[in-house]
Amino acid sequence: QVQLVESGGGLVQPGGSLRLSCAASGFTFISYRMSWYRRAPGKERELIAAITSTASSTNYADSVKGRFTISRDNAKNTVYLKMNSLKPEDTAVYYCKADRGTYYSYWGQGTQVTVSS
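Quantities reported herein were computed from a predicted structural model and do not represent experimental measurements.

Digging into the overall build of the protein
So, step 1. Helix and strand counts for the protein stand at zero helices and eleven strands.
So, step 2. Its helices and strands in sequence order give the protein the pattern β-β-β-β-β-β-β-β-β-β-β, from N to C terminus.
So, step 3. Computed over the C-alpha atoms, the radius of gyration of the protein is 13 Å, within 12% of the 13 Å expected from 2.2 N^0.38 for a compact globule of 117 residues.
So, step 4. Out of the 117 residues belonging to the protein, those deemed buried represent 41%.
So, step 5. Intrachain contacts of the protein at a sequence separation of at least 6 include 53% that bridge at least 24 residues.
So, step 6. About 6200 Å² of surface is accessible on the protein, with carbon and sulfur atoms providing 46% of the total.
So, step 7. Counting 14 positive and 8 negative side-chain charges, the protein places the averaged centre of each group 4 Å from the other.

Focus on the sheet that holds strand β7 (residues 68–73)
So, step 1. Taken together, the four strands give an open sheet; going across it, the order is β1-β3-β8-β7, and neighbouring strands pair in antiparallel fashion. The sheet is open, and its two borders are formed by β1 (3–7) and β7, each paired with just one other strand. Taken over all neighbouring pairs, the strand axes of this sheet differ in orientation by 15° on average, direction set aside.
So, step 2. Of the pairings in the sheet, the one linking β7 to strand β8 (residues 78–83) comprises six bridges and is antiparallel in character. Paired with Ile70 across the strands is Leu81, a residue of β8.

Reading the values: rules and limits
Residues numbered from 1 in each chain as written. Predicted model: local features only at pLDDT ≥ 70, side-chain atom pairs only at ≥ 80, totals over all residues. Heavy atoms only, no water. Helix = DSSP H or I, 4+ residues; strand = E, 2+ residues; numbered from the N terminus. Rg over C-alpha atoms; globule rule 2.2 N^0.38 Å. Buried < 20%, exposed > 50% of the residue type's maximum accessible area, 1.4 Å probe, protein only. Contact = heavy atoms within 4.5 Å. Areas by Shrake-Rupley, 256 points an atom, 1.4 Å probe, with all protein chains shown as cover. Lys, Arg positive; Asp, Glu negative; His and termini not counted. Charge placed at Lys NZ, Arg CZ, Asp CG, Glu CD. Pairing = 2+ DSSP bridges. Axes fitted to C-alpha atoms, helices over the stretch in contact; angles between N-to-C directions.

Now the structure itself:
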């Protein structure tokens, strides 16, 4: 069955770094655009980074541009989110998503990131 399993979340001090991973299985990973979303307490889920199936293009929300980097390893069926210069407002549950066309879309279960001193 389809699975997206996020890992790498945790508690980090402001200014610190984390790398999130999302391991995919049960579908043809290389055919899918991959994205990272987050949902902060009391806020709606927001798209923060996306990468095309071949990694030829990436996009970022203004709130994370220059601090976060999305990448993927198609040989390992894994997408990553490297987060630098973390701020308290980055505290959220982070989710990965796989998309192909209009009809195929899968979500992971999320991983908590807390930025606090």
